[in-house]
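# Breakdown of the fold
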Amino acid sequence: MSLKGRHFIDLADFERYELRRILDTAHDLKRKQKRGEPHELLKGKSLAMIFMKSSTRTRVSFEVGLTQLGGHALYLSPSGTQLGRGETIGDTAQVLSRYCDGIMARVYGHNEVADLAKYATVPVINGLSDLLHPCQIMADMLTIEEHKGNLQRLKITYVGDSNNVSNSIMQGCTIMGMDVTIGSPKKHDPSPDILKKAQELSEKYDTTLEVEHDPHKAVANADVIYTDTFFSMGQERDKKKEEALMPFQVNDDLVASAKQDVIVMHCLPAHRNEEITDSVMDGKHSVVFDEAENRLHAQKAILVLVM
Ligand code: CP
């Protein structure tokens, strides 16, 4: 099925061959951009970008990406639009659909991006909700393929707080045939409904999906170690949670428990020396800045295919 006109909100809505198409397109667009070959595939198209939360990577990569594709992206914040004065998401979606060819949104509640998709008549892209971060994981899988040559049967271990990033890893990496382990303290396990959905995907795609409470056992034999901040945007810092998560810090000792050629990933921004040490973040296993760059290439592929 064509991806044209589809919303890009939840990786679980996609089949493996569809995510494969996005990754192949991303590799191709990245090659073209590096060689300076023109690829203005969205000439004259406009993307509305709604940011309810702050962003560095998502904002810049979508805006620059659309410019490289010959189109135009508009940054919309609640305070700069009528969203801040209570205009509904539904009305906003209908109005933006009359001007723009796509809508990208970074929101708090997942229901906000789902509502946009319900009322919009153009494709809606999830640029992060409290539940999921699908664009991030497409960029991550692009990065893993660049460094490892493939995805299937590789082991990725996410260590730390279960959040929107780990939720999308459990979906996207499983669909693409990776074995996924979540290493988290028991109190910060993935939510049961997200885990159940990911287990169904794991059965469908014949992969393994595990939750492990010992960080060293979690990363044993890992090809990829992945982490994220202990406190997501909008969450209050909490001493007890920090104490529970500190044993899951990605440091040299933890990395030594994985495969020798393990790569270390972080979606950024990082709280250095909290969830990841300087020595790992700046060390030989780290691919975090390739990963950040690949937000640009992966999202250009999503934009081209859905718009
Ligand atoms: N990883 C990520 O989404 O970064 P930003 O919050 O800077 O967009």
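Look a little higher up for the structure.
A brief look at the structure comes next. This structure is a prediction, so every number in the text was calculated from the model and none was measured.

## A few points about the site of the ligand
Around the ligand, the surrounding shell consists of Ser55, Thr56, Arg57, Thr58, Arg106, His133, Gln136, Cys267, Leu268 and Arg295. Contacts to the ligand include Arg57, whose side-chain N or O atom sits 2.9 Å from an oxygen atom. For the ligand, an oxygen atom lies 2.7 Å from a polar atom in the side chain of Thr58. Contact with the protein chains hides 95% of the accessible area of the ligand, taken as 260 Å² for the molecule alone. Within the shell around the ligand, the residues separate by chemical class into two nonpolar, five polar and three charged.

## Observations regarding the pairing of strand β7 (residues 209-212)
Both strand β6 (residues 179-183) and β7 contribute to a ladder of four bridges, which runs parallel. Directly across from Thr181, in β7, lies its bridge partner Glu210. Taking the sense of rotation as the criterion, the β-α-β connection linking β6, helix α7 (residues 192-204) and β7 turns out right-handed.

## Observations regarding helix α1 (residues 16-35)
The terminal C-alpha atoms of α1, which comprises 20 residues, lie 29 Å apart, in line with the 28 Å expected from a rise of 1.5 Å per residue. Close packing links the buried residues of α1 with α5 (134-148), α6 (164-175) and α12 (288-306). Phi turns positive, to about 75°, at Gly36, one or two residues after α1.

About the criteria used
- Residues numbered from 1 in each chain as written.
- Predicted model: local features only at pLDDT ≥ 70, side-chain atom pairs only at ≥ 80, totals over all residues.
- Heavy atoms only, no water.
- Near = heavy atom within 4 Å.
- Polar contact = N/O pair within 3.5 Å; in protein donor to acceptor, adjacent residues only side chain to side chain.
- Areas by Shrake-Rupley, 256 points an atom, 1.4 Å probe, with all protein chains shown as cover.
- Nonpolar A, V, L, I, M, F, W, Y, C, P; charged D, E, K, R; others polar.
- Pairing = 2+ DSSP bridges.
- Helix = DSSP H or I, 4+ residues; strand = E, 2+ residues; numbered from the N terminus.
- Right-handed = clockwise from strand over helix to strand, strands pointing away.
- Expected span 1.5 Å × (residues − 1).
- Contact = heavy atoms within 4.5 Å.

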